[in-house]
Amino acid sequence: MAEDQEEIYNGFRAQFPLSFGKQAKPQTPLEAIHRTTTRRPSTSHTTDSDHQENSNQGLPSLSSSSKAWLTSLRNPNSHSSSRHPDDTIRTKPSFSGADDDVAAGPPRSPPDDGGAIIGPPRPTPVASNSDDDDAMIGPPRPSPAETDDDDDDNVMIGPPRPPAEDSDSDDDLTEEENGFRIPLSNEIVLKGHSKVAKIASALAVDHSGSRVLSGSYDYTVRMYDFQGMNSRLESFRQLEPSEGHQVRHLSWSPTSDRFLCVTGSAQAKIYDRDGLTLGEFVKGDMYIRDLKNTKGHITGLTCGEWHPKTKETILTSSEDGSLRIWDVNDFKSQKQVIKPKLARPGRVPVTTCAWDHEGKCIVGGIGDGSIQLWNLKPGWGSRPDIHVEKAHSDDITGLKFSSDGRILLSRSFDGSLKVWDLRQMKKPLQVFEDLPTHYAQTNIAFSPDEQLILTGTSVERESTSGGLLCFFDRAKLELVSRVGISPTCSVVQCAWHPKLNQIFATAGDKSQGGTHVLYDPTLSERGALVCVARAPRKKSVDDFEAKPVIHNPHALPLFREQPSRKRQREKILKDPMKSHKPELPMTGPGFGGRVGSTKGSLLTQYLLKQGGLIKETWMEEDPREAILKYADVAEKDPKFIAPAYAQTQPEPVFAKSDSEDEEK
């Protein structure tokens, strides 16, 4: 039945052009898609037998002598034709003078008596380079000049092999990486930060691995969704939490329904999963000296992290020298204020902070290079339980607990990564040097099984290595491998997601930046594998939308509503002509035919002054004499204040005129 329907369809389809109807979209295989994102192209080595099998496809099976004869006919001038080891060099059909028989078919063995050869000249003898029993049918082998004459048993077919030293090092690296199952074969880059400073300084991947947050020095946060993203790798939302402040840290809640955004401002923000603002914590009073009496941070934040178990509690650190625990249900005040222990009184910034795996311990990196740790217990205060002075010689950029609560990792501006045993904090277990960093957000991360430690490095001026992602063995405390992320961009933050088995690393500089996602199609799951295989939707004719013309009937005078009488009266009162408002008197000199108030506001006063009938004597009168002429009247008939002090008031003695003193 299906065959009959197919014949009927083909009959009808033959009457229409090939371009008619919906065309089937060609499906790109996943192997070709992942091949485009491969980090290091693998060199394929093919053997002689594989090459012969590929060349023999589509040809009937022939004997060895027939194969040699066909090869001689197709390539008469070939210098690299294969022969059976029992045959001689002569592969052309020849005529033997002794037998007088024509060679029609495979070549005969040469005559022993050395008779004359009738026909085309024999080919020049060429040394055989192969010991294979079967002759090769297909393209000719490379000439003897390109092959090694000393080693006739191994003939190279295909592209040249890499040098022995590089291959050995690559094999060793591959075996080492495969031992830890590091997904490094493929890479994609999530771009989007497009302003002047494109350094991706913050990174957060939710617990399910479906959404990624990327914060940058361009003051924005970009949200990526692997399930809804195609191969263009575009973000679905862009946020600007605080205008003019860099994004310094991002953290998801334990249920992945909200996330915390920490910027250079003093107020942290909480957003929901879709990027809508839920609240902003209060800012403290900067004029209060004691930080415990302020309701919030008073200067820029440096780090923040959500509680690993409780979805209502978060931790923040600031440049004001304090750590604060907040309740996300109350944005007006904090739950606890922690002031680190300092050698000298003052305000030293807290550069980073972190929770342990169970949320029962807090650690903070202080600006003086010390590490301080507090255990959350009843009645605990600001006094640290563990205080390591001068743990680093510079500011600490990142701290990380292990899940078993035994190991603490610390990263610093001094270019080192230190591994600490929480049971013995006097001295680090191991110090890894030569890890330069120039960004205060450089962090450390564990692998899903916590057998590896990874961190990023920054690009130095005289260095040629670029931004690296370094892997260290936790058990042996040694370097495993260095993976180059970008030749010009510094690696700031990194994370290894346990469910996706993919490595995320943020990198950037002043000109470019983004989030690099490293994965392996055979080891990783979902995440980048989903969006890379999804092609962007092509525009079709149905996507055309004509811009509608909006007709607003109320814009016409006929449909306008009549204004109220009250508004009409107010409008009339504002109009001086309709309200018959009298003119206000002039202030200052007059203009426009009107007399100003400086020379009399009335016309009669102006005329009398100009005629001399009204004399102004105050310009010629001495102010001292004008005051003293009322002295006798005030003495004879005092008023107000003078009678109250009549008995105790001394008699005033006025100085004589200055003119008399000058005459003397």
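Residues numbered from 1 in each chain as written. Predicted model: local features only at pLDDT ≥ 70, side-chain atom pairs only at ≥ 80, totals over all residues. Heavy atoms only, no water.

### Some words on the overall build of the protein
What the protein contains, in helices and strands, is 12 helices and 30 strands. Taking all 664 residues of the protein together, the buried fraction comes to 36%. Taken as a whole, the protein presents about 42200 Å² of accessible surface, with 52% of it coming from carbon and sulfur. (Helix = DSSP H or I, 4+ residues; strand = E, 2+ residues; numbered from the N terminus. Buried < 20%, exposed > 50% of the residue type's maximum accessible area, 1.4 Å probe, protein only. Areas by Shrake-Rupley, 256 points an atom, 1.4 Å probe, with all protein chains shown as cover.)

### Here we look at unusual backbone geometry
Trans is the common state for peptide bonds, and a negative phi is the common state for residues other than glycine. Located in the positive-phi region is D434, a residue other than glycine, with phi close to 60°. Mapped onto the elements of the fold, D434 is located in the loop between β23 (430-432) and β24 (444-446). D434 gets classed as exposed once you look at its relative accessible area, which sits at 63%.

### Regarding the packing of aromatic side chains
Throughout the structure, instances matching the rule amount to eight aromatic pairs. Between the aromatic rings of F432 and F472, the centroid separation amounts to 4.2 Å while the plane-to-plane angle is 35°, which identifies the pairing as tilted. Of this pair, F432 sits in strand β23 while F472 sits in strand β26 (residues 467-473), and the two are 40 residues apart along the sequence. Among the residues examined, F432 registers a relative accessible area of 7% and is labelled buried. Among the aromatic residues, those joined into a cluster by ring pairs are W252, F259 and Y271. (Phe/Tyr/Trp six-rings, centres within 6.5 Å; stacked < 30°, edge-to-face > 60°.)

### Details of the side chain of H392
Turning to its location among the elements, H392 is positioned in the loop between β19 (386-388) and β20 (396-401). In this structure, H392 is in contact with D368, G369, S410, R411, S412, D414, S416 and K418, ignoring residues within four places of it in sequence. (Contact = heavy atoms within 4.5 Å.)

### Here we look at the sheet that holds strand β13 (residues 313-318)
Strand pairing within a sheet occurs via backbone hydrogen bonds; the two strands may be parallel or antiparallel. The strand order across the open sheet formed by four strands is β12-β13-β14-β15, and the pairing between neighbours is antiparallel. Pairing within the sheet leaves two strands with one partner each, and these edge strands are β12 (301-306) and β15 (336-338). Between one strand axis and the next, the sheet turns by 20° as a mean value, whatever way the strands run. Of the strand pairs in this sheet, strand β14 (residues 323-327) and β15 are connected by three bridges, and their pairing is antiparallel. (Pairing = 2+ DSSP bridges. Axes fitted to C-alpha atoms, helices over the stretch in contact; angles between N-to-C directions.)

### Focus: the pattern of salt bridges
According to the stated counting rule, one finds 10 salt bridges in the structure shown. Close ionic contact of R211 with D274 constitutes a salt bridge, the shortest N to O distance being 3.2 Å. Of the two residues, R211 sits in strand β5 (residues 211-216) while D274 sits in the loop between β10 (269-272) and β11 (277-280), which places them 63 residues apart along the sequence. The class of D274 is partly exposed, set by a relative accessible area of 38%. For the salt bridge of D385 with K377, the shortest nitrogen-to-oxygen distance reads 3.7 Å. (Salt bridge = Lys/Arg side-chain N within 4 Å of Asp/Glu carboxyl O.)

### Points about the environment of V212
Considering the arrangement of structural elements, one finds V212 in strand β5. Between the alpha carbons of V212 and D225 there is a distance of 6.6 Å; along the sequence they are 13 residues apart. Ignoring any residue separated from it by four or fewer positions in sequence, one finds V212 in contact with L203, A204, V205, R222, M223, Y224, F226 and F504.

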